[in-house]
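# Geometric and topological summary
What follows is the residue order along each chain.
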Amino acid sequence: TVLALPCPTPKEDAASGGVRELGAGAYFVCVRLVRVKGAKGCWALHVLPRFVLHNALSLPLQLQQHGAGRVRTLSEADDKWRPLDPGQTRPVHWPDAAAPLRLGMRVYEPGWSWSGSVDLGKGEPGDMFVKVRHRNAQETLLVRVDVRADSSGVLLVTF
């Protein structure tokens, strides 16, 4: 079973530098009940993140939900946005649970444009490619996005 756990985050007002309102963010989790082996009549409730991102590239990445804002990770309890560094694996906090779960990325260095977005809302495994361009250097990266489904319901998204 997949559930959305509301977890609003402050939306900043660029003009005043203050918090204007709380967003409609959420963590999507997989919940399952499993029998504990060797313990008669005992059950365990597993709560796992539905979407987990892994950066296999040698460059830091900035991620966004298409049309809703930057994607945060569980390590950001202080509400400051941080890139997904090379080698990091993090669960996803979606800024808007009601918006389509479409994920875009760019290299977290000056001059890089946003890629097209990948639809993760259907929960289907597969390989896709997105193109990321540098505005000034005329450099283009073709990034493979690999989506794998675990038997627990977790989707591992690797860039």
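A quick note: this is a predicted structure, and the numbers were derived from the prediction, not measured. (Residues numbered from 1 in each chain as written. Predicted model: local features only at pLDDT ≥ 70, side-chain atom pairs only at ≥ 80, totals over all residues. Heavy atoms only, no water.)

## Structural notes on the sheet that holds strand E7 (residues 61–65)
Spatial ordering of the open sheet is given by E8-E7-E11-E12, a layout of four strands whose pairing is antiparallel. Strands at the two margins of the open sheet, each flanked by one partner only, are strand E8 (69–70) and strand E12 (118–119). As defined by bridge partners, strand E11 (residues 102–107) adjoins E12 across two bridges and the pair is classed as antiparallel. Note on E12: the bridge partner recorded for Leu 103 is Val 118. (Pairing = 2+ DSSP bridges. Helix = DSSP H or I, 4+ residues; strand = E, 2+ residues; numbered from the N terminus.)

## Some thoughts on the side chain of Arg 50
With respect to the helices, strands and loops of the structure, Arg 50 is situated in the loop between strand E5 (43–49) and strand E6 (51–54). One buried charged residue, Arg 50, forms no salt bridge at all, with the nearest opposite charge on Asp 150 at 9.1 Å. In terms of polar contacts, Arg 50 uses its side chain to reach the backbone carbonyl oxygen of Gly 153, at 2.3 Å. Apart from residues lying up to four places away in sequence, Arg 50 is in contact with Val 2, Phe 28, Val 29, Cys 30, Gly 123, Gly 153, Val 154 and Leu 155. (Buried < 20%, exposed > 50% of the residue type's maximum accessible area, 1.4 Å probe, protein only. Lys, Arg positive; Asp, Glu negative; His and termini not counted. Salt bridge = Lys/Arg side-chain N within 4 Å of Asp/Glu carboxyl O. Polar contact = N/O pair within 3.5 Å; in protein donor to acceptor, adjacent residues only side chain to side chain. Contact = heavy atoms within 4.5 Å.)

## Let's talk about the environment of Trp 114
Residue placement: Trp 114 occurs in the loop between E11 and E12. Between the C-alpha atom of Trp 114 and that of Lys 131, which follows or precedes it by 17 residues, the distance is 8.6 Å. Contact partners of Trp 114, with chain neighbours within four places excluded, come to Gln 62, Leu 63, Gln 64, Gly 104, Met 105 and Arg 106.

## Brief notes about a nonpolar patch on the surface
Taken together, the side chains of Leu 33, Trp 43, Leu 45 and Val 47 make up a nonpolar region of the molecular surface, amounting to roughly 430 Å² of accessible area. Among the elements that take part in the nonpolar patch, E5 stands out by supplying three residues, more than any other. Looking at the secondary structure, you find Val 47 in strand E5. (Patch = residues over 30% accessible without salt bridge, like charges linked within 9 Å, V, L, I, M, F, W, Y side chains within 5 Å. Areas by Shrake-Rupley, 256 points an atom, 1.4 Å probe, with all protein chains shown as cover.)

## Some points on the pairing of E11
Inspection of the sheet shows E7 paired to E11 by five bridges, in the antiparallel sense. Directly across from Leu 61, in E11, lies its bridge partner Val 107.

## A closer look at the packing of aromatic side chains
With the rule as written, the count across this model stands at two aromatic pairs. Look at Phe 28 and Phe 51: their rings are 6.1 Å apart centre to centre, the planes differ by 85°, and that puts the pair in the edge-to-face class. Of this pair, Phe 28 sits in strand E4 (residues 26–35) while Phe 51 sits in strand E6, and the two are 23 residues apart along the sequence. Residue class for Phe 28 comes out buried when judged on its relative accessible area of 14%. (Phe/Tyr/Trp six-rings, centres within 6.5 Å; stacked < 30°, edge-to-face > 60°.)

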